[in-house]
Amino acid sequence: MKPEFVEASDAALVVSISRYEQAALAEAYRRNAGAVYGLAKRLLSDHARAEEIVQEVFVRLWNQPDRFDPDRGTLRSFLLAQTHGRSVDMIRSDVARRRREERESLAQAEGGYDLAREVWDMALAGHVREALEVLTPGERAAIELAYFGGRTYREAADELGEAEGTVKSRIRVGLKRLRSELSAVGITNGAE
């Protein structure tokens, strides 16, 4: 720790932080991290998430030191206001996520998703896994990346280290083979 920062005012610390003085940030952290953590922990009731807030608040101070105005209060009050705001945002996000999940769950239940449908989906997934086993490794890898991994043909080709045309061809041949395997066990795509 640089001795000049131990005695420095909040304004001087923040000026040094704006000049990318890591020791100044370390001193600001030493002085204020306990209070920031305490507030976040009290609001969130979660140790790990409180630590996440502490990190975000000090990273924000490092990246945007000019947001602190010493004429409006102390660095501690500024950091605690940042902590409060970020913690409330996190709580609101959690509440919104829970509500969305409840709505989706209710919609799924109201949609008539029943045990028979779930058993059918599991059986279908099993047949698809078995059908994938008959593909060559190149076909399977290309299909898994493109259809299950959400990659474009080009992304799949880059990841596999192959030409895009080769990957497209493997996917086309592999899908024909999958269709044939699934038709053999009585599963069709509905278009036939």
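What you see is a predicted model, and the numbers here were worked out from it, not measured in a lab.

Conventions used here
Residues numbered from 1 in each chain as written. Predicted model: local features only at pLDDT ≥ 70, side-chain atom pairs only at ≥ 80, totals over all residues. Heavy atoms only, no water. Axes fitted to C-alpha atoms, helices over the stretch in contact; angles between N-to-C directions. Helix = DSSP H or I, 4+ residues; strand = E, 2+ residues; numbered from the N terminus. Left-handed = near helix turned anticlockwise from the far one by under 90°. Contact = heavy atoms within 4.5 Å. Nonpolar A, V, L, I, M, F, W, Y, C, P; charged D, E, K, R; others polar. Parallel < 35°, antiparallel > 145°, perpendicular 65-115°, else oblique. Expected span 1.5 Å × (residues − 1). Bend = angle between axes of the 7 residues up to and from the residue. Buried < 20%, exposed > 50% of the residue type's maximum accessible area, 1.4 Å probe, protein only. Core = buried A, V, L, I, M, F, W, Y, C linked by side-chain atoms within 4.5 Å. Salt bridge = Lys/Arg side-chain N within 4 Å of Asp/Glu carboxyl O.

**What about the packing of helix 3 (residues 22-44) against helix 4 (residues 47-63)?**
- The contact between helix 3 and helix 4 brings their axes to 8 Å, and the two run at 145 degrees. Both helix 3 and helix 4 take part in a crossing whose hand is right-handed. Two secondary-structure elements touch here, helix 3 through Gln22, Leu25, Ala28, Tyr29, Asn32, Ala33, Val36, Tyr37, Ala40, Lys41 and Leu44 and helix 4 through His47, Arg49, Ala50, Glu51, Ile53, Val54, Val57, Phe58, Leu61 and Trp62.
- Split into classes, the residues belonging to the contact of helix 3 with helix 4 amount to 15 nonpolar, three polar and three charged.

**Looking at the packing of helix 7 (residues 137-148) against helix 8 (residues 153-160)**
- Contact pair helix 7 / helix 8: the axes reach a minimum separation of 9 Å and the direction vectors enclose 135 degrees. Overall, the two elements helix 7 and helix 8 adopt an arrangement that is oblique. At the point where helix 7 passes helix 8, the crossing takes the right-handed sense. Within the contact between the two elements, helix 7 uses Ala141, Ala142, Leu145 and Tyr147 and helix 8 uses Tyr153, Ala156, Glu159 and Leu160.
- Classifying every residue of the contact of helix 7 with helix 8 by side-chain character gives seven nonpolar, no polar and one charged.

**Observations concerning helix 3**
- Helix length check: helix 3, at 23 residues, gives a terminal C-alpha distance of 29 Å against a target of 33 Å (1.5 Å per residue), a shortfall beyond 12%.
- Considering bend angle alone, the principal kink of helix 3 is centred on Asn32 and spans about 55 degrees.
- Burial in helix 3 covers these residues: Ala23, Ala24, Leu25, Glu27, Ala28, Asn32, Ala33, Val36, Leu39, Ala40 and Leu44.
- Ser45 sits one or two positions beyond helix 3 and adopts a positive phi of about 55 degrees.

**Here's the deal with unusual backbone geometry**
- Of note, Tyr20 is a non-glycine position whose phi angle comes to about 60 degrees, a positive value.
- Mapped onto the elements of the fold, Tyr20 is located in the loop between helix 2 (10-18) and helix 3.
- Residue classification places Tyr20 among the exposed positions, given a relative accessible area of 58%.
- Its identity is not glycine, yet Ser45 carries a phi of approximately 55 degrees, on the positive side.
- In this structure Ser45 comes out as exposed when scored by relative accessible area, which is 59%.

**A few points about the nonpolar core**
- One finds Phe58, Leu61, Leu75 and Leu79 to be the most contacted residues of the largest nonpolar core, which totals 24 residues.
- Within the residue set of this core, elements represented by two or more residues are helix 2, helix 3, helix 4 and helix 5 (75-110).
- Once residues lying within four places of it in the same chain are set aside, the contact partners of Leu75 are Asp10, Val14, Ala28, Asn32, Leu61 and Phe68.
- By size, the runner-up hydrophobic cluster in this structure holds 14 residues, among which are Leu132, Leu135, Leu145 and Leu178.

**Quick notes on the pattern of salt bridges**
- Per the stated rule, a full pass over the model turns up twelve salt bridges.
- Between Arg30 and Glu27 there is a salt bridge, with the nearest N and O atoms lying 2.5 Å from each other. Of this pair, Arg30 and Glu27 both sit in helix 3, three residues apart, which is roughly one turn of the helix.
- Across the pair Glu56 and Arg86 runs a salt bridge whose closest N-O atoms are separated by 2.4 Å. Linking Glu56 in helix 4 with Arg86 in helix 5, this pair joins segments that are 30 residues apart in sequence.
- Looking at Glu56, the relative accessible area reads 25%, which means it is partly exposed.
- Where salt bridges share partners, they join Asp10, Glu27, Arg30 and Arg31 into one cluster.

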